[in-house]
Amino acid sequence: QVQLVESGGGLVQAGGSLRLSCAGSGLTFSSYTMKWFRQAPGKEREFVAHITWTSGTPSYADSVKGRFTISKDNAKNTMYLQMNSLKPEDTAVYYCNAESNGAVWQNYWGQGTQVTVSS
């Protein structure tokens, strides 16, 4: 059974920092591209960042580039999102996602963790 569990969300003032974690079980991270998405109230879910597990190559949405850093710990099967210089518009539920790289498409989501940035 595949599980992705996010943690690390919370309430922070604008300009502050948070680090989100996504711990995975039941899947081999090296076979997936791991991603962070977020969904603000009344808005569609949007891409934040992704990392290719084998090469570690990151990619970011323009809105977070230079402020957020995605990283991974192979030994712990865990992905992180370091969020610095947070803005009120970063307020959202943040979701971890795993999308398979192989011939058979598989896609998994975590339950989400709330990030609230106060002005």
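To keep things clear, this report deals only with the structure shown in the data block.

Notes on the pattern of salt bridges
Right, on to step 1. Counted by the stated rule, this structure contains 5 salt bridges.
Right, on to step 2. Taking the shortest distance from any N to any O, the salt bridge between Asp-62 and Lys-65 comes out at 3.1 Å.
Right, on to step 3. Through salt bridges with shared partners, one network takes in Arg-38, Glu-46, Arg-67 and Asp-90.

Notes on the sheet that holds strand E7 (residues 68–73)
Right, on to step 1. Taken together, 4 strands build an open sheet; the order of strands is E1-E3-E8-E7 and the sheet is antiparallel. Of all the strands in the sheet, just strand E1 (3–7) and E7 have a single pairing partner and so form its edges. Shown here is a sheet whose adjacent strand axes are inclined to one another by a mean of 15 degrees, direction ignored.

Quick word on the environment of Gly-26
Right, on to step 1. As for its placement among the helices and strands, Gly-26 is situated in the loop between strand E3 (18–25) and strand E4 (32–39).
Right, on to step 2. With 46 residues separating them along the chain, Gly-26 and Lys-72 place their C-alpha atoms 17 Å apart.
Right, on to step 3. Not counting residues up to four positions away in its chain, the partners in contact with Gly-26 are Gln-1 and Val-2.

Quick notes on the nonpolar core
Right, on to step 1. Membership of the largest hydrophobic core comes to 30 residues, with the highest contact counts inside it found for Met-34, Trp-36, Met-79, Leu-81, Met-83 and Tyr-94.
Right, on to step 2. Elements with a contribution of two residues or more to this core: E3, E4, strand E5 (46–52), E7, strand E8 (78–83), strand E9 (92–100) and strand E11 (113–118).
Right, on to step 3. Sorting elements by how many residues they give to this core places E9 first, with 4 residues.
Right, on to step 4. Apart from the residues lying within four places of it in its own chain, the contact partners of Met-83 are Gly-16, Ser-17, Leu-18, Leu-20, Arg-67, Phe-68, Tyr-94 and Val-115.

Definitions and limits used
Residues numbered from 1 in each chain as written. Predicted model: local features only at pLDDT ≥ 70, side-chain atom pairs only at ≥ 80, totals over all residues. Heavy atoms only, no water. Salt bridge = Lys/Arg side-chain N within 4 Å of Asp/Glu carboxyl O. Pairing = 2+ DSSP bridges. Helix = DSSP H or I, 4+ residues; strand = E, 2+ residues; numbered from the N terminus. Axes fitted to C-alpha atoms, helices over the stretch in contact; angles between N-to-C directions. Contact = heavy atoms within 4.5 Å. Core = buried A, V, L, I, M, F, W, Y, C linked by side-chain atoms within 4.5 Å. Buried < 20%, exposed > 50% of the residue type's maximum accessible area, 1.4 Å probe, protein only.

Honestly, it's all geometry; don't read function into it.
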